[in-house]
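# Summary of the model geometry
Listed below are the residues making up each chain.
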There are 2 protein chains.
Amino acid sequence: MPGLAGIVIHGGASESWIGDKKRYDDTTAFLQTVVSSAESALGHGALAIDLAAEVVAKLEDYPAFNAGRGSAVNIDGNFELEAGIVCGATSGYRAAVCLQATKNPIKLVRAMLDDTGPSASVFIAGAGGDDLAKRLALDIVPNCYFATESRTSYWQRKRAEISEHGTVGAVVRDSHGNVAAANSTGGMMFKPVGRVGDTAVLGSGLYADKRVAIAWYEDDLALIRCGLPSPFLGRFSGGACFN
Amino acid sequence: MPGLAGIVIHGGASESWIGDKKRYDDTTAFLQTVVSSAESALGHGALAIDLAAEVVAKLEDYPAFNAGRGSAVNIDGNFELEAGIVCGATSGYRAAVCLQATKNPIKLVRAMLDDTGPSASVFIAGAGGDDLAKRLALDIVPNCYFATESRTSYWQRKRAEISEHGTVGAVVRDSHGNVAAANSTGGMMFKPVGRVGDTAVLGSGLYADKRVAIAWYEDDLALIRCGLPSPFLGRFSGGACFN
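Here's a quick rundown of the structure. Note that residues are indexed from 1 along each chain, following the sequence as it is written. For naming, the first written chain is A and the first written ligand is 1, with later ones following in the order written. This being a predicted model, a pLDDT of at least 70 is required before a residue's local features are given, and a value of 80 or more before pairs of side-chain atoms are given or counted; all residues contribute to the totals for chains, interfaces and linings. Hydrogens and waters are ignored; side-chain quantities use all the structure's heavy atoms.

Moving on, we come to the overall build of chain A. Helix and strand assignments follow DSSP, with helices taken as H or I runs no shorter than four residues and strands as E runs no shorter than two, numbered in order from the N terminus. When its secondary structure is counted, chain A shows 7 helices and 9 strands. Considering only intrachain contacts with a sequence separation of at least 6, the fraction spanning at least 24 residues in chain A is 72%. Per element, the accessible surface of chain A, about 9500 Å² overall, is 55% carbon and sulfur. Should any heavy atoms of two residues lie within 4.5 Å, those residues are counted as being in contact. Surface exposure here means Shrake-Rupley accessible area, sampled with a 1.4 Å probe, where a residue is shielded only by the protein chains that are shown.

Pasting the structure below:
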């Protein structure tokens, strides 16, 4: 039913503002601005797939979330980012993981979606992904760009234990009736080098079809192991999610 | 229904023996030996998950298939391998992609399955995967180990065009009623650096639950885009695959 438009975003990083009222208020205000701006764009006919990527890019740039700047730190003290996007209308899906230099992983996967040729990459990992971002003229940053004082000091304090993770994401239904989902994350603190989480994997952290879009986060070891449980999808099929 | 045991293997590399009778006969004889040996092990109570990995490791070592030795060559003339495994009984799933030095990717994912701790890697990419294989004392080889004369000369002849891909895999049902699936591939000739295919991704190239195991290969851009179509799985649920 075209015309019913909406957006849902998530930034699974509640730990970053627990006990910090100013940070909580600032983050809430920022999120409200993001949502208002998106709702306005939807009213002007913006497409779900474009808006999902645009909103997640804003969340990547905001350092309170575990995606883009502010990402979790891996076991070596570096940053490896991942993002995925799926378009319900076309079933288009793209993912990139273990990125170390691509400023906005979500912009990379959105751009990958436009290449539908026979040699198009659907899922790309590591330096190959960063090189593709360069070729697509996307912003490239030194790995330390992703660092924030709070993440780095946490890493230094708690290097011996594994904790805290999250991601950001958005699901959008546009005024044309299309839905889309987009996810981005820095993974889990102290994750092993090369670790791929569930965030960017279709059927694990992401799902969309003609009627429903899901951007999920969970213990990274749970979703990628089992995919989205079919009963869950069954409950939401028929457009229940947005109706 | 425990007691009904069986194995199905695939080596999606038919192009390697077209027009070469000796190679065809040798490969067929090799496959028959692999299957006979596996059937004998099943009769002695071997577990589906162990046998799936063991059989795929043999296929990786045999150079006629696009997995392990004999893998497809990427755009840079190097080899990046991937493998995945899923155990129907436990829903255990592990994957490794963009490996450049791990002699048997399937042995890496089988070994990963035994680590169920909170920091266990479920899905690992690139050098991090090769490093994990080293730590697990698996065989490490120089990247050129994966080269065969036929693949390399094909790459040299046809560098400008993209063609030929495949994978190897096995689905096994053991005498205890457990099923398992395992897949391994070198990906697609001339693939971009860092490209991840569908072979190792749960719900794309691989699936198993308590009753059905699927190891699939297809145009790599098709399965990872859409996952296994639910209607397909629906048709096989209830154990139809092995009954």
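Since the α-helix packs 3.6 residues into each turn, any two residues three or four apart lie on the same face. All names here are of chain A. Throughout this description, buried means an accessible area under 20% of the type-specific maximum (1.4 Å probe, protein chains only), exposed means over 50%, and partly exposed covers the range between. Buried within helix H4 (residues 127-135) we find Gly128, Gly129, Asp130, Leu132 and Ala133. Packing partners of the buried residues in H4 comprise strand S3 (93-99), helix H3 (105-113) and strand S4 (123-125). The first or second residue beyond H4 is Ala137, which carries a positive phi of 65°.

Turning next to the environment of B:Ala41. Residue and element names in this part refer to chain B. Turning to its location among the elements, Ala41 is positioned in helix H1 (residues 21-43). Looking at Ala41, the relative accessible area reads 22%, which means it is partly exposed. Through-space distance from the C-alpha of Ala41 to that of Ser175 is 9.9 Å; in sequence the pair is 134 residues apart.

Residue and element names in this part refer to chain A. Inspection of the secondary structure assignment puts Ser37 in helix H1 (residues 21-43). In this structure Ser37 comes out as partly exposed when scored by relative accessible area, which is 33%. As for Ser37 and Val55, which are separated by 18 residues in sequence, their C-alpha atoms are 9.2 Å apart. Of note is the side chain of Ser37, whose polar atom sits 3.4 Å from the side chain of Lys58. We call two N or O atoms a polar contact when they sit within 3.5 Å, provided that within protein one can donate a hydrogen and the other can accept it, with sequence-adjacent residues counted only if both atoms are side-chain atoms.

Relative to the elements of secondary structure, A:Arg173 occurs in strand S5 (residues 168-173). From its side chain, A:Arg173 meets the backbone oxygen of A:Leu4 in a polar contact 3.2 Å long.

Before going further, it helps to examine H1(A). With 23 residues, H1(A) should cover 33 Å at 1.5 Å per step; its first-to-last C-alpha distance of 33 Å lies within 8% of that length. Looking at the buried positions of H1(A), the neighbouring elements they touch are strand S1 (6-11), helix H2 (48-61) and S5 of chain A. What a helix should span is 1.5 Å times the count of its residues minus one.

Take the sheet that holds strand S7 (residues 195-196) of chain B next. Within the open sheet, the 7 strands sit side by side as S1(A)-S5(A)-S6(A)-S2(A)-S3(A)-S4(A)-S7(B). Their pairing is mixed. Two strands lie at the open edges of the sheet, namely S1 of chain A together with S7 of chain B, each paired on one side alone. Strands qualify as paired when DSSP identifies two bridges or more between them. In the sheet, S5(A) pairs with strand S6 (residues 179-185) of chain A via 6 bridges, with the strands oriented antiparallel. The residue bridging A:Val168 from the neighbouring strand is A:Ser184, located in S6(A). Set on the sheet, H1(A) makes contact with S1 and S5 of chain A; between it and S1(A) the angle comes to about 155°. Here an axis means a line fitted to C-alpha atoms, over the contact stretch when the element is a helix, while the angle between two N-to-C directions is reported on a 0 to 180 degree scale.

Residues and elements named next belong to chain B. In terms of residue burial, strand S3 (residues 93-99) counts as a mostly covered element, since 7 of its 7 residues are buried. Of the pairings in the sheet, the one linking strand S2 (residues 81-87) to S3 comprises 5 bridges and is antiparallel in character. Within the sheet, the bridge partner assigned to Ala83 lies in S3 and is Ala96. From the end of S2 to the start of S3, which pair antiparallel, there are 5 residues, and Ser91 there has a positive phi angle of about 60°. Pairing of S3 with strand S4 (residues 123-125) involves 3 bridges; the strand directions are parallel. Across the sheet, residue Ala96 finds its bridge partner in S4, namely Ile124. Here the term right-handed applies to a crossover when the path leading from its first strand over the helix to its second strand runs clockwise, the strands being oriented away from the viewer. Taken together, S3, helix H3 (residues 105-113) and S4 constitute a β-α-β crossover, and its handedness is left-handed.

Moving on, we get to the pattern of salt bridges. The working definition used for a salt bridge is a side-chain nitrogen of Lys or Arg within 4 Å of a carboxyl oxygen of Asp or Glu. Within this structure, the stated rule accounts for 12 salt bridges over all chains. Residue B:Lys22 is joined to B:Asp26 by a salt bridge in which the shortest nitrogen-to-oxygen separation is 2.5 Å. Taken as a pair, B:Lys22 and B:Asp26 lie in helix H1 at a separation of 4 residues, close to a single helical turn. B:Asp26 sits in the partly exposed class, given a relative accessible area of 34%. Taken together, the shared-partner salt bridges in this structure form one network comprising A:Asp50, A:Arg110 and A:Asp114.

We now examine the side chain of A:Asp130. Residue and element names in this part refer to chain A. Examined against the element boundaries, Asp130 turns out to sit in helix H4. Here the positive residues are Lys and Arg and the negative ones are Asp and Glu; neither His nor the chain ends is included. Despite its burial, Asp130 remains without a salt bridge, the nearest opposite charge being carried by Lys134 at 7.2 Å. Discounting chain neighbours no more than four positions away, the residues touching Asp130 are Leu99, Gln100, Ala101, Thr102 and Ile140.

Residue and element names in this part refer to chain A. As a packed pair, H2 and H3 sit with axes 8 Å apart at the nearest point and diverge in direction by 160°. Taken together, the axes of H2 and H3 are roughly antiparallel relative to one another. Every residue of H3 that contacts H2 at Ile49, Asp50, Ala53, Val56, Ala57 and Glu60 is listed here: Pro105, Ile106, Lys107, Arg110 and Leu113. An angle below 35 degrees is read as roughly parallel, one above 145 as roughly antiparallel, one from 65 to 115 as roughly perpendicular, and any other as oblique.

What makes a nonpolar core is a set of buried Ala, Val, Leu, Ile, Met, Phe, Trp, Tyr and Cys residues whose side-chain atoms join them at distances within 4.5 Å. Residues A:Val55, A:Ile85, A:Ile106, A:Leu108, A:Val109, A:Val172 and A:Met189 are the most contacted members of the largest nonpolar core, which totals 46 residues. It is H2(A) that provides the largest number of residues to this core, a total of 9 residues. Setting aside anything within four residues of it in sequence, one finds A:Ile106 in contact with A:Ala53, A:Val56, A:Ala57, A:Glu60, A:Ala83, A:Gly84, A:Ala182 and A:Asn183. Core analysis: the second largest hydrophobic core is formed by 38 residues, A:Ala125, A:Ala208, A:Ala213 and B:Ala125 among them.

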